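Observations on chain architecture
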Amino acid sequence: MHQSSSNIKCLIIGGGGHAKVLIDTISSRGLVQIIGILDPEKDKWNTTILGIPIVGDDSAIPELVSQGANAFIVGVGSTGNNQLRRRLFELGMQYGLEPIKAIHINSICSEAIDIGAGSQVLPGSIINHGSTIGSNVIINTGSIIEHDCIIESHSHIATGARLCGTVHIGENTHIGAGATIIQNIRIGSNVIVGAGSVVLEDIRSNRVVAGVPAIPIK
Ligand code: JB2
């Protein structure tokens, strides 16, 4: 792990598998000091992830703020449940913490993109020219966001998924691992696209779809 003397003193909210990748991602740039991880599972307290202590549950935030914490990022990947990720993002904001962006040094990001507060671009992922990423979005390991895509806040593009260009994804939507969304598709908010699906048509909000080609299953 890269240690940092940065003035950005960051809390990670959630201490499971996703947090490990996130810590690697933040550490790859060495610009942020991670001072603690929060998790409700008591048996994790006083253990560490890559040397960073799990210091308690979310009720510890005010005390940590008084000790100098000034930033946060949501460490929960929470596959398919973006409501939890959204709630934790709003919690950090309520305490006046700054949401940091985590962009792995081994991701490939065009200079002509926008990435919102608290969003995460994990190793091996690609975001091409003209794409816009909202707040608290996960662009997970090895996923591809082609040119001119829009991904609204709190959505999660899971490991190895592909958006083939000019794709629009609404809020709180989960694109499952390895799914492919062809060009010019619009997917609404609160949608789940199953892992490995191939989406050939627009999908309205509040749907669960899966398959090749993807069809509604709920
Ligand atoms: O309200 C909460 C809360 N609820 C659950 N506050 C905080 N601070 N933490 C919370 N958690 C914690 O998130 C759980 O106690 C648990 O330790 C952690 C979730 O860990 P888990 O390893 O189960 O999942 P994950 O969300 O880190 O990773 C999932 O999503 C990733 C994208 C897994 O499916 C991974 O395999 C996947 N790559």
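In this report, the structure presented in the accompanying data block is examined.

Reading the values: the criteria
- Residues numbered from 1 in each chain as written.
- Predicted model: local features only at pLDDT ≥ 70, side-chain atom pairs only at ≥ 80, totals over all residues.
- Heavy atoms only, no water.
- Helix = DSSP H or I, 4+ residues; strand = E, 2+ residues; numbered from the N terminus.
- Rg over C-alpha atoms; globule rule 2.2 N^0.38 Å.
- Buried < 20%, exposed > 50% of the residue type's maximum accessible area, 1.4 Å probe, protein only.
- Expected span 1.5 Å × (residues − 1).
- Polar contact = N/O pair within 3.5 Å; in protein donor to acceptor, adjacent residues only side chain to side chain.
- Pairing = 2+ DSSP bridges.
- Near = heavy atom within 4 Å.
- Areas by Shrake-Rupley, 256 points an atom, 1.4 Å probe, with all protein chains shown as cover.
- Salt bridge = Lys/Arg side-chain N within 4 Å of Asp/Glu carboxyl O.
- Contact = heavy atoms within 4.5 Å.

Section: the overall build of the chain
Helices and strands together make up the secondary structure of the chain, namely three helices and 25 strands. A compact globule built from 218 residues should have a C-alpha radius of gyration of about 17 Å, and the chain, at 17 Å, falls within 12% of that. Each of the three principal axes of the chain carries a C-alpha extent, and together these read 50 × 35 × 25 Å. Buried positions account for 47% of the 218 residues belonging to the chain.

Regarding helix 3 (residues 82-94)
For helix 3, which comprises 13 residues, the first-to-last C-alpha distance of 18 Å matches the rise-based estimate of 18 Å (1.5 Å per residue) to within 8%. Taken together, the buried positions of helix 3 are Asn82, Arg85, Leu88, Phe89, Leu91 and Gly92. The backbone nitrogen of glutamine 83 has a side-chain oxygen 3.3 Å away, supplied by the residue at the start of helix 3, namely asparagine 81.

With respect to the sheet that holds strand 21 (residues 186-187)
Spatially, five strands are ordered 9-12-15-18-21 in an open sheet, and the strand pairing comes out parallel. Across the chains shown, the open sheet's two edge strands, defined by having one partner strand only, are strand 9 (114-115) and strand 21. Bridge count for strand 9 against strand 12 (residues 132-133) is two bridges, and the pairing is parallel. Its bridge partner being in strand 12, aspartate 114 is matched across the sheet by threonine 132.

Considerations on the site of the ligand
In the vicinity of the ligand, 21 residues are found, and the nearest of them are His18, Asp39, Lys44, Asp58 and Ser78. Interatomic distance of 2.8 Å between a backbone N/O atom of glycine 17 and an oxygen atom of the ligand. Lysine 44 places a side-chain nitrogen or oxygen 2.5 Å from an oxygen atom of the ligand. Considered on its own, the ligand offers 760 Å² of accessible surface; in the complex 67% of this is hidden by protein. Taken together, the elements giving at least two residues each to the shell around the ligand come down to helix 1 (17-27) and helix 3. The element that contributes the greatest number of residues to the shell around the ligand is helix 3, accounting for three residues.

Structural notes on the pattern of salt bridges
What the rule picks out here adds up to three salt bridges. For glutamate 90, the salt bridge is made with arginine 86, and the minimal N-O distance between the two is 3.3 Å. Placement of the pair is glutamate 90 and arginine 86 together in helix 3, with a separation of four residues, close to one helical turn. Between glutamate 171 and arginine 86 there is a salt bridge, and its shortest N-O distance comes to 3.1 Å. Placement of glutamate 171 in the loop between strand 18 (168-169) and strand 19 (174-175) and of arginine 86 in helix 3 is noted, with a sequence separation of 85 residues between them. By relative accessible area, which is 26% here, glutamate 171 ends up partly exposed.

Re the sheet that holds strand 25 (residues 215-216)
Spatial ordering of the open sheet is given by 7-10-13-16-19-22-24-25, a layout of eight strands whose pairing is mixed. The open sheet has two edge strands with one neighbour each: strand 7 (102-103) and strand 25. With two bridges connecting them, strand 10 (residues 120-121) and strand 13 (residues 138-139) associate as parallel partners. Along strand 13, the bridge assignment pairs valine 121 with isoleucine 139.

Examining the environment of phenylalanine 72
Tracing the backbone through its elements, the reader meets phenylalanine 72 in strand 5 (residues 71-74). With a relative accessible area of 0%, phenylalanine 72 lands in the buried category. C-alpha of phenylalanine 72 to C-alpha of threonine 159: the two residues are 87 residues apart in sequence and 23 Å apart in space. If sequence neighbours within four positions are ignored, phenylalanine 72 has contacts with Cys10, Leu11, Ile13, Leu88, Phe89, Gly92, Met93, Leu97, Glu98, Pro99 and Ile100.

Nothing here speaks to function; it is geometry throughout.
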